[in-house]
Amino acid sequence: MDTNSVTSHHQLPLTMSSARTQRKVYEPLIHNPRAHSSLRGQESGFQSTASLSSLPMSAYDPRPGPCLMGVAPSDSLASLTSGISSFHLPCPAPCSPLPSCQGRRHSLTRLSGRLTGSRVSLSRRSARHLLPTKEPSIQLAQFRPAQWFLKPIFHEVPQREAAPLFVGRKWVWSELAQRLGEDSCRGVVMVGGPGCGKTALSLQLVHNSCFGLGGGGGVREGAEGLSRMAQTLGAYHFCQLDNALTCRVPDWIHSTAAQLSQSPQMTAYHQLLSTDHDLRAKLSMASCHSDPDTAFTSGILQPLLDLKAAGKISAESCIILLDAIGDSHSHRPDFGDNLITFLRKHLDKFPHWLKLVVTVRSEKQELVTSFGLSQISLDQWHIDKRIEADLSEYVSRRISKSQNIQRNITPQSGRKTDENPQVKFQNYLVSIAKGGFLFVKMVLDLVDRGHLVIKNSFNILPQSLSEVFMLEFNLRFPSDSSYRKVSDILSVCLASLQPLSMAELYKTVSSLYVDTVDSWQEFLTTFKSLTGYLVTRRDDSVMIFHPALREWLIRRQESGSARFLCDPRNGHAAIALRISRLESPVN
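This write-up is about the structure you can find in this document. (Residues numbered from 1 in each chain as written. Predicted model: local features only at pLDDT ≥ 70, side-chain atom pairs only at ≥ 80, totals over all residues. Heavy atoms only, no water.)

Glancing now at the side chain of Glu472. Mapped onto the secondary structure, Glu472 falls in helix α19 (residues 465-476). Leave out the neighbours within four places in its chain, and Glu472 touches Arg160, Met442, Leu446, Arg449 and Tyr533. (Helix = DSSP H or I, 4+ residues; strand = E, 2+ residues; numbered from the N terminus. Contact = heavy atoms within 4.5 Å.)

Applying the stated criterion across every chain yields a total of 22 aromatic pairs. Aromatic pair Trp552 and Phe564: ring centres 6.5 Å apart, planes at 35 degrees, arrangement tilted. Taken together, the positions of Trp552 in helix α23 (residues 547-554) and Phe564 in the loop between α23 and α24 (568-583) put the pair twelve residues apart, joining distant regions of the chain. In this structure, Trp552 and Phe564 share a single accessibility class: buried. Here a set of aromatic residues connected by ring pairs shows up, and it is made of Phe469, Phe473, Phe477, Tyr483, Tyr533, Trp552 and Phe564. Sitting above the plane of the Phe545 ring, Arg160 keeps its charged end 4.6 Å from the centroid. For Arg556, the ring lying beneath its charged end belongs to Trp552, and the centroid distance is 3.8 Å. (Phe/Tyr/Trp six-rings, centres within 6.5 Å; stacked < 30°, edge-to-face > 60°. Buried < 20%, exposed > 50% of the residue type's maximum accessible area, 1.4 Å probe, protein only. Lys NZ or Arg CZ within 6 Å of the ring centre and 35° of its normal.)

This part is about the nonpolar core. Nonpolar side chains in soluble globular proteins tend to be buried together. Phe425 and Phe473 are the most contacted members of the largest nonpolar core, which totals 59 residues. The element that contributes the greatest number of residues to this core is helix α18 (residues 437-448), accounting for nine residues. Leu150, Ala258, Leu307 and Leu343 belong to the second largest nonpolar core, which has 47 residues in total. (Core = buried A, V, L, I, M, F, W, Y, C linked by side-chain atoms within 4.5 Å.)

What follows covers empty space enclosed by the protein. Enumeration over the complete set of coordinates arrives at five cavities of 30 Å³ or more. If you list the elements that add at least two residues to the lining of the second largest cavity, you get α20 (480-495), α21 (502-510) and α22 (520-528). Of the residues forming the lining of the second largest cavity, the biggest block, three residues, is contributed by α21. (1 Å grid on protein atoms, 1.4 Å probe; cavity = no way out; pocket = protein on both sides within 12 Å on 5 of 7 lines; lining within 4 Å. Points joined across faces, edges and corners; volume = space filled by probe spheres on them.)

Another aspect to go through is the sheet that holds strand β3 (residues 187-192). If you walk across this open sheet you meet the five strands as β4-β5-β6-β3-β7, and the pairing is parallel. Two strands lie at the open edges of the sheet, namely β4 (233-238) and β7 (374-377), each paired on one side alone. When strand polarity is set aside, the average angle formed by the axes of neighbouring strands in this sheet is 15 degrees. Note: β3 against strand β6 (residues 354-361), six bridges, orientation parallel. (Pairing = 2+ DSSP bridges. Axes fitted to C-alpha atoms, helices over the stretch in contact; angles between N-to-C directions.)

An α-helix turns once per 3.6 residues; consequently, residues spaced three or four apart project the same way. Here α18 is twelve residues long and its end C-alpha atoms lie 16 Å apart, about the 16 Å a rise of 1.5 Å per residue gives. Counting buried positions along α18 yields eleven of twelve residues, so the element is predominantly enclosed. Among all positions in α18, only Phe437, Leu438, Phe439, Val440, Lys441, Met442, Val443, Leu444, Asp445, Leu446 and Val447 are buried. Summarising the contacts, the buried residues of α18 are in contact with α15 (385-401), α16 (403-408), α17 (421-433), α19 and α23. With its phi angle positive at about 85 degrees, Gly450 sits one or two positions after the end of α18. (Expected span 1.5 Å × (residues − 1).)

Within the secondary structure layout, Gln159 lies in the loop between β2 (157-158) and α6 (170-180). With 384 residues separating them in the primary sequence, Gln159 and Met543 have C-alpha atoms 9.5 Å apart.

Turning our eyes to something else, we now look at the pairing of β3. Across the six residues that make up β3, a large majority, six, are buried. Where burial is concerned, the two faces of β3 agree: the one with Gly187, Val189 and Val191 and the one with Val188, Met190 and Gly192 are both buried. In this sheet, β7 lies alongside β3 in parallel orientation, the contact comprising four bridges. Bridging from a neighbouring strand, Val188 pairs with Ser374 of β7.

Taken together, the three strands give an open sheet; going across it, the order is β8-β10-β9, and neighbouring strands pair in antiparallel fashion. A strand with exactly one partner marks an edge of an open sheet, and here the two such strands are β8 (500-501) and β9 (534-536). Where β9 lies against strand β10 (residues 541-544), three bridges are found, and the strand directions are antiparallel. Within β10, the position partnered with Val535 by the bridge is Met543.

Shown next, in the form of structure tokens:
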């Protein structure tokens, strides 16, 4: 899907900032080539307008963007209110600073000496001009661009394709809208196995909301339920097992407040944050870490209740989306709450119009049972025929769009049969998929590339997602020697708690070797063999394209083959050696 940013829905109010942060506002646009990452072509994953404001490098590294224009780094909350009082002029678009000012705007009392001489001489000339008029001198305030304090997490879900095909699921949106429309419903949990499309549904909801390209409009015909749900989305969050930042309670609170303030239906909350210094202090990262309960209740829930009671929030409902919430349980802290226990503690304090929508795997469903949310199942394919209908529609669409698939699924025997071979293949593939969209997609990709050709029967087709991974890895790495260096890269990615950049990945893998170390070009050649399995995100970090592949690399069933297994302990050793050898050498 295309992930370009959309324009802001409302102009941000202006806040005070210190003089020491002015230069940081415009320097990323002038001196930093990363600020022009939108010119790099299509991304491999998904990110929203709100998350692009914090791209790249750190998850909270702000960059000027359509939704948060003129955002600058801030050392603390005090930097937002320090300095002399001054008037702030609107800045509806990123302003181009004068080249001679070195990317910094000045008032007349701060002009550079290269333009008009020294500041002292300018003051004297100004004073001589003012003396005959007998008028009091006016001290012009320094111009400070608009700044914003809250910065959402940069979310990007890795995908093998820039714009994957999405069809069906109309019944999910209709059922979701119906259940969330009930006053007694606190929210909905969507349950399903790996690869059944939970994250794809979340991406569609975000994509068609104010945070994505759809902007709340342009929804395809027949998806009116998706349009209604997308218009009520106030905040979203994607928990990722290999990105610990997305599984922490303080970061979720801070990011949720930032996204709610950017939502068009929460304009009153945005204005309140702009004027209330104490409220912003409660939502600072330091406050979210020290007292997350107070930050969430006093910084988000209570202000929303007060604004709704005062009639300043007209929205009838607002959705907070959390995808793959079960992954946050793997990053539970030694002390305090994880994301699941934190929401369980505060869910009864939610306003009746603030709904929670979460997705979780079937095997982790008991973690959210105490939430008391309504449930929509995505993997009961043997009972719910709508799931098979969605799979059939997806397979039919793929077959109609690819001549390679049509040619490779048609038997070459020449015998005429009463049943269309394409329909026969479609029905068989849907029957063995068991509700798994990822399985169907990867099998069709193999058929499209010619790795699977149907001759007389369907016996050559893999029967599970594990067999699909085994087939693809056998085709990609036919010998153990071809997989040896690749396994080191995969082990580091499995062990890391955050996505690593290409340079960090190269240094970490090289730390495993003492005598001979691959050059950068040799490493890139090895990394290229993992195309489709490791996806480079927009911030230059690398992630495994799907959690199902991550699990397949770590563990298998007892009856399964042990080939291509990776040991995360090798990755942990590589990270430790890199820290000891490269970052803090003893010599």
